[in-house]
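For reference, the chains in residue letters:
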Amino acid sequence: MLSRRLLVSVFICMLGGLSTNSTLSSPFGKTSEGNSIDNSHRPTVRAYRIAAPPKLDGLVDERFWAQMEPATNFVQQEPNAGLPATEQTEVRIGFDDKDLYLGIICFDRQPENIVVTQNRRDANLADTDSIEILLDTFNDKQNAVVFGTSPTGIEYDGQVSKAGQTRGGGGTNVRAGGASGNSGAQRGGASAFNLNWDAVWWVRAQITERGWEAELRIPLRTLRYRPGSEQVWGLNLKRNLRRRNEQSFWSPLSRAFEFQQIDLAGRLEALELVTHRHLQLLPYVLGGFKQDYSINNDPTKPQHTAGLDIKYSLTPSLTLDATFNTDFAQVEADEEQINLTRFDLFFPEKRPFFLENSGIFEFGSPREAEIFFSRRIGIDESGVQVPIDGGLRLSGKAGQFNIGLLSMQTRKVRGLTQANNFSVARVSREFGRRSSLGGIAVSRQATSSRFGLNRPSYNRTMGVDANLGFGRYANLFSYFAKSLTPGRNSSNQAAASTFEYENQHHGIDLAYQEVGRNFNPEVGFVRRRGYRKPSFGYRYTYTPEGKRLRNISSHFTWEGWHTIAREGQPRGKESGFEHYHFDTRWQNGSRLGIAWNRNFERIDKQFEIFPGVLVSPGGYQYSEIVGNFNFNPSAVVFGGGNVAIGDFYGGTIRNLNFNGGYRIGYRYTFTLSYIRNFVRLPEGDFNTDLVGYRFNWSLTPKSYFQSFVQYNSRTHQVGINARLGLLSTSSTGLYVVYNSRVATIDYLDPHQQDRRTLSRALFVKLNYLFDF
């Protein structure tokens, strides 16, 4: 354990950062924080009514653009906080009764050096020259939408909820073993930003002599807002100048805040908005075939179906969605994972219908105890798809309340699951200073006989949550939930409270979580049950002056899981995790760091960590050293990963985790990920491999060809997912999808296996948007 003297020093350092007005001396010397940012003053710009829309060609040269006062005078956040941006940016905003228009000029004295690395929709704008627009259309400082683009005219959009606060913890601590996947970017629960919201809008951009320019047309019926004259929206603008790795904002932000910090946005004034009734019809037809070689009689089955999605704006702030015979054939396959723990793996939601407006329904502790997890609808626990007959969703704002209502009906699958109705009701009331109070009710109700399946006919979960903001930097998130399952009437609760303080130098996380033995939200996700978990974390970030090093960050995390036991069961501490990490971030976007982790696991009964390898009961205390690295993400050749070495369940583990890629221009990208575990235990030795290969060809900013090939040594299978999308809007057009799963056992003696191809499928799907 850390010495008492060191603990006292840490707490003194923490307390010194709690005052927003205090001047902190760094142990490393002078920092680049001398240019303070005034968070109290927010800029203002007006919108102008225009008589005729601009020609959308990416050239801001119409006469009426020049007559508008632009949003300009951007201020750096990185690398030199508080200084003016090194290149000028001008954004002009116009509107008529139907659309909102933006004319953007990103001046650049070296247009030949503009960095363009992406050309696909919703690509990472941090790796390319780009601009983002945040619109708080209710001016409630709690919810917003974001639009973005690049010099090639990428369409980038998303939703911001919860006042831009990512609740329940931000990143994942680097460690060996555990649940390993091909990427750490999989999202789960409580994220303030939902990139999967896709609106219908248009953008054109060009590189010109004065830099690069863009014109955007955003239909007002795409947005939720209050109609009326002299309306005020919240507005912020962010420019990324990639060759200098410079981020600047129209409404300045200190390093303590992200772009999604809605309450620090400026003001967009003089909007005159009329009410729109928006109706979208999205029918689809699908044809193809499936081949399952585990079925001996007739492995090939034709597939043909059709369905319909409907979206209707009941009010400018409330939307009704309906879906019939829902299909998700175009969705990318899940990323393979290898589990070296005794707990369930988390696979994120990827289906568009459930991802849209998903922030409204989030409740609980991310990836640990989520009360509602939409992946439980239409996907069995084994990963088999269950047909969805249809569903309804009502979401948006009604007065001061956020409302989310969802009801979905799934079909019975003989021998797998009965037909079920899934319902969710979520209501929250937002207050000032990032605060809210809300409740949720989730239900699964069987609507057919169980066919001998050992599953109760119903399950209910209810909960309340409160989120309080204190000052500029502190937040307190709390919730309590209870599940109702036949035969589980005690210890069926879950609760948590988390205090977070985050400024540009210091970060504090202090939390307590409890999950009862019988807490069972069947439409949620629970990683483990029957524990109480206190945790504490602290971060210190130092920003030096210099041309190469951007910042130095050190942090630690302490977590402990203590058993809530029945009579006669073991009590006390069952798991513990300590993490100490020193990390550096460089001006070109590279990172380099080293971490030391200490783990404790009490195994009460043996579990199979690998086929034929059983970890024996007992108490295991072990540690590991992890080195992490990332190269320049906008370079032609890019990559990153980590290397770990340490003890593991009475033995040892060596871990290699690498991901990297190569890009040809901005249309072609090849990426490869590889995770290798060398595990040596008293009960047996084994190695695991995960390999992922992606190829992306961006035909246009909307259309693409993507392939994703994965190998998992635990299952001895190769998965292939190839998708061609020729789209007219963000999610409508022609899709061609090929999926295959191939066994890799007995390559030397193929006679020991009837067929290496286990399954394959080919689908052609066409959907079309009727927009009224």
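Trainee: Before we go on, may I ask you to explain the overall build of the chain in this structure?
Mentor: Tallying secondary structure elements over the chain gives three helices and 46 strands in all. Taken over 772 residues, the chain has a buried fraction of 55%. Carbon and sulfur atoms form 54% of the exposed surface of the chain, whose accessible area is close to 33600 Å².

Trainee: Where do I start with the nonpolar core in this structure?
Mentor: Note on soluble globular proteins: their nonpolar side chains tend to be buried together. L100, F147 and W233 are the most contacted members of the largest nonpolar core, which totals 38 residues. Membership of the second largest hydrophobic core comes to 29 residues, among which are I154, L253, A474 and Y538.

Trainee: Sorry if this is basic, but what is going on with the pairing of strand β16 (residues 279-292) here?
Mentor: Sheet faces and side chains relate simply in a regular strand, where the side chains alternate between the two faces. In this sheet, strand β17 (residues 300-315) lies alongside β16 in antiparallel orientation, the contact comprising 13 bridges. Residue pairing for β17: G287 is matched across the bridge by H304. Sheet topology places β16 next to strand β45 (residues 757-767); nine bridges connect them, and they run antiparallel. Bridging across to β45, G288 finds its partner in F763.

Trainee: Hey, could you run me through a nonpolar patch on the surface in this one?
Mentor: A contiguous nonpolar patch, built from F582, I594, W596, I625 and I645 and spanning about 450 Å² of accessible area, is present on the exposed surface. As for its placement among the helices and strands, W596 is situated in strand β34 (residues 591-603).

Trainee: Explain the side chain of T326 here, please?
Mentor: Topologically, T326 is positioned in strand β18 (residues 318-326). What makes T326 buried here is its relative accessible area of 12%. Within the structure, T326 has its side chain in polar contact with the side chain of T323 (distance 2.7 Å).

Trainee: What exactly am I supposed to notice about the environment of A322 here?
Mentor: Within the element layout of this structure, A322 appears in strand β18. Sequence spacing of A322 and S407 is 85 residues, and the spatial spacing of their C-alpha atoms is 9.6 Å.

Trainee: Quick question: what am I supposed to make of the sheet that holds strand β21 (residues 369-370) here?
Mentor: Pairing between the strands of a sheet is mediated by backbone hydrogen bonds and can be parallel or antiparallel. Reading across from one edge, β20-β21-β30 is the order of the three strands in this open sheet, with antiparallel pairing throughout. In the strand order of this sheet, the two ends are held by β20 (364-365) and β30 (525-526), each with one partner. Bridge analysis of β20 against β21 gives two bridges, and the strand direction is antiparallel. If you follow S365 over to β21, its bridge partner there is A369.

Trainee: Help me understand the pattern of salt bridges, please; the structure alone is not making it clear to me.
Mentor: Note that side chains of opposite charge can pair when their charged atoms are close. Per the counting criterion, the structure on display carries 49 salt bridges. Two residues, E87 and R244, come together in a salt bridge whose shortest N-O distance is 3.6 Å. With a gap of 157 residues between them, E87 in the loop between β3 (75-78) and β4 (89-95) and R244 in the loop between β13 (228-241) and β14 (246-249) connect regions that are remote in the sequence. Since its relative accessible area comes to 30%, R244 is described here as partly exposed.

Trainee: How should I be thinking about unusual backbone geometry in this particular structure?
Mentor: In most cases, non-glycine residues show a negative phi, while peptide bonds are predominantly trans. Here the amide bond leading from E78 into P79 is cis, since omega sits at 0°, within 30 degrees of zero. In this structure, D122 is a non-glycine residue whose phi angle is positive, near 60°. The topology assignment puts D122 in the loop between β5 (99-107) and β6 (130-136). Of note, R367 is a non-glycine position whose phi angle comes to about 65°, a positive value. Within the element layout of this structure, R367 appears in the loop between β20 and β21.

Trainee: What's the story with the packing of aromatic side chains in this structure? I'm lost.
Mentor: Counted by the stated rule, this structure contains 32 aromatic pairs. Both rings, one in F328 and one in F354, keep their centres 6.0 Å apart while their planes meet at 40°; by these two values the pair is tilted. Here F328, found in the loop between β18 and β19 (337-339), pairs with F354, found in helix α3 (residues 352-355); they are 26 residues apart in sequence, far enough to count as distant. Accessibility classification places F328 together with F354 in one group, the buried group. Pairing F353 with F354 gives two aromatic rings, centres 5.6 Å apart and planes at 90°, and the pair type is edge-to-face. An identical accessibility class is assigned to F353 and F354; each is buried. Of the aromatic side chains, those joined through ring pairs into one cluster are F536, Y538, F556, W558, Y580 and W596. In this structure, R46 is placed above the aromatic ring of Y48, and the distance from its NZ or CZ to the ring centre is 4.7 Å.

Trainee: How do you make sense of the sheet that holds β4 when you look at a structure like this?
Mentor: With respect to topology, five strands assemble into an open sheet ordered β2-β4-β5-β12-β11, the strand pairing being mixed. Two strands lie at the open edges of the sheet, namely β2 (48-49) and β11 (202-208), each paired on one side alone. Note that β4 and β5 share seven bridges and pair antiparallel. Directly across from T89, in β5, lies its bridge partner C106.

Trainee: Honestly, the pairing of β13 in this entry has me stumped. Any pointers?
Mentor: Most of β13 is tucked away, with ten of its 14 residues classed as buried. With five bridges joining them, β13 and strand β15 (residues 266-273) adopt antiparallel strand pairing. Its bridge partner lying in β15, L235 is registered against G266. In this structure, β13 lies alongside β14, joined through four bridges in antiparallel fashion. Bridged to N240 within β14 is Q247. The antiparallel hairpin formed by β13 and β14 contains four residues in its connecting segment, where N245 sits at a positive phi of about 50°.

Trainee: Can you walk me through the confidence of the model for the chain in this structure?
Mentor: Low pLDDT marks stretches whose predicted atomic positions should not be read closely. Summing up the model confidence of the chain, the mean pLDDT is 88 and the portion of residues at 70 or higher is 89%. Mean pLDDT in the chain bottoms out at helix α1 (residues 4-16), which sits at 38, and peaks at β4, which reaches 98. In the model, residues 1-34 has pLDDT below 50 throughout and makes 53 contacts with residues more than four positions away in sequence or in other chains. Across residues 178-189 the pLDDT falls below 50, and counting only partners more than four positions away or on other chains, this stretch makes 47 contacts in the model.

Rules used in this analysis
- Residues numbered from 1 in each chain as written.
- Predicted model: local features only at pLDDT ≥ 70, side-chain atom pairs only at ≥ 80, totals over all residues.
- Heavy atoms only, no water.
- Helix = DSSP H or I, 4+ residues; strand = E, 2+ residues; numbered from the N terminus.
- Buried < 20%, exposed > 50% of the residue type's maximum accessible area, 1.4 Å probe, protein only.
- Areas by Shrake-Rupley, 256 points an atom, 1.4 Å probe, with all protein chains shown as cover.
- Core = buried A, V, L, I, M, F, W, Y, C linked by side-chain atoms within 4.5 Å.
- Pairing = 2+ DSSP bridges.
- Patch = residues over 30% accessible without salt bridge, like charges linked within 9 Å, V, L, I, M, F, W, Y side chains within 5 Å.
- Salt bridge = Lys/Arg side-chain N within 4 Å of Asp/Glu carboxyl O.
- Polar contact = N/O pair within 3.5 Å; in protein donor to acceptor, adjacent residues only side chain to side chain.
- Phe/Tyr/Trp six-rings, centres within 6.5 Å; stacked < 30°, edge-to-face > 60°.
- Lys NZ or Arg CZ within 6 Å of the ring centre and 35° of its normal.
- pLDDT = per-residue confidence, 0-100.
- Contact = heavy atoms within 4.5 Å.

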